[in-house]
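Each chain, letter by letter, is given below.
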Amino acid sequence: QVQLVESGGGLVQAGGSLRLSCAASGRTFSTYAMGWFRQAPGKVREFVSGIIWSGGTTYYADSVKGRFTISRDNAKNTVFLQMNSLKPEDTAVYYCAAISKWTLVPRRVSEYDYWGQGTQVTVSS
């Protein structure tokens, strides 16, 4: 069982930055691949970024490539999402998710085993 708690969301102006954190409970965090998703009002939850167990391979949605950076610290059971050059269209609730696979980082919501409660990110124009 893994429990995930996101933090770091908030209100920022366009062009600004935020760093999201996702703290995980459990001693097996390092065996999970992790993903970040977001859901804007009236839209489906979408994949933003993912990272394999070691941090050695990362994945990004085209819409955030070059602006967002995912990383993890297995010693601290935490995964991060550094978001730079934020745009109003990045406004959403951001969720972290865990899948009990070492190197599989799917983009479909249904494939993940555990989810956090989400953190709101609002980007004003």
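Before going into details, it helps to say that this report is about the structure given with it. (Residues numbered from 1 in each chain as written. Predicted model: local features only at pLDDT ≥ 70, side-chain atom pairs only at ≥ 80, totals over all residues. Heavy atoms only, no water.)

Describing the pairing of strand β4 (residues 33-39)
Here comes step 1: Most of β4 sits inside the fold, with 6 of its 7 residues counted as buried.
Here comes step 2: The sheet contact formed by β4 and strand β9 (residues 92-99) spans 7 bridges and is antiparallel. Considered in β9, the bridge of F37 is made with Y95. (Buried < 20%, exposed > 50% of the residue type's maximum accessible area, 1.4 Å probe, protein only. Helix = DSSP H or I, 4+ residues; strand = E, 2+ residues; numbered from the N terminus. Pairing = 2+ DSSP bridges.)

Observations concerning the packing of aromatic side chains
Here comes step 1: In total, this model carries 7 aromatic pairs according to the counting rule given.
Here comes step 2: Measuring from centroid to centroid gives 5.1 Å for F37 and Y112, while their planes differ by 80°, and the two rings are edge-to-face. Note that F37 is positioned in strand β4 and Y112 in the loop between β9 and β10 (114-115), a separation of 75 residues in sequence. Of the two residues, F37 and Y112, both sit in the buried class.
Here comes step 3: Between W53 and W102 the ring centres are 5.0 Å apart and the planes differ by 80°, which places this aromatic pair in the edge-to-face class. (Phe/Tyr/Trp six-rings, centres within 6.5 Å; stacked < 30°, edge-to-face > 60°.)

Topic: the environment of Y32
Here comes step 1: Checked against the element boundaries, Y32 lands in the loop between β3 (18-24) and β4.
Here comes step 2: Between the alpha carbons of Y32 and V105 there is a distance of 9.5 Å; along the sequence they are 73 residues apart.
Here comes step 3: The residues contacting Y32, other than those within four sequence positions of it, are V2, W53, R72, A98, I99, S100, K101 and Y114. (Contact = heavy atoms within 4.5 Å.)

A look at the pattern of salt bridges
Here comes step 1: Per the counting criterion, the structure on display carries 5 salt bridges.
Here comes step 2: A salt bridge links E46 to R38; its shortest N-O distance comes to 2.7 Å.
Here comes step 3: For E46, a relative accessible area of 35% translates into the label partly exposed.
Here comes step 4: Overall, the relative accessible area of 6% leaves R38 in the buried class.
Here comes step 5: Close ionic contact of R38 with D90 constitutes a salt bridge, the shortest N to O distance being 2.9 Å. (Salt bridge = Lys/Arg side-chain N within 4 Å of Asp/Glu carboxyl O.)

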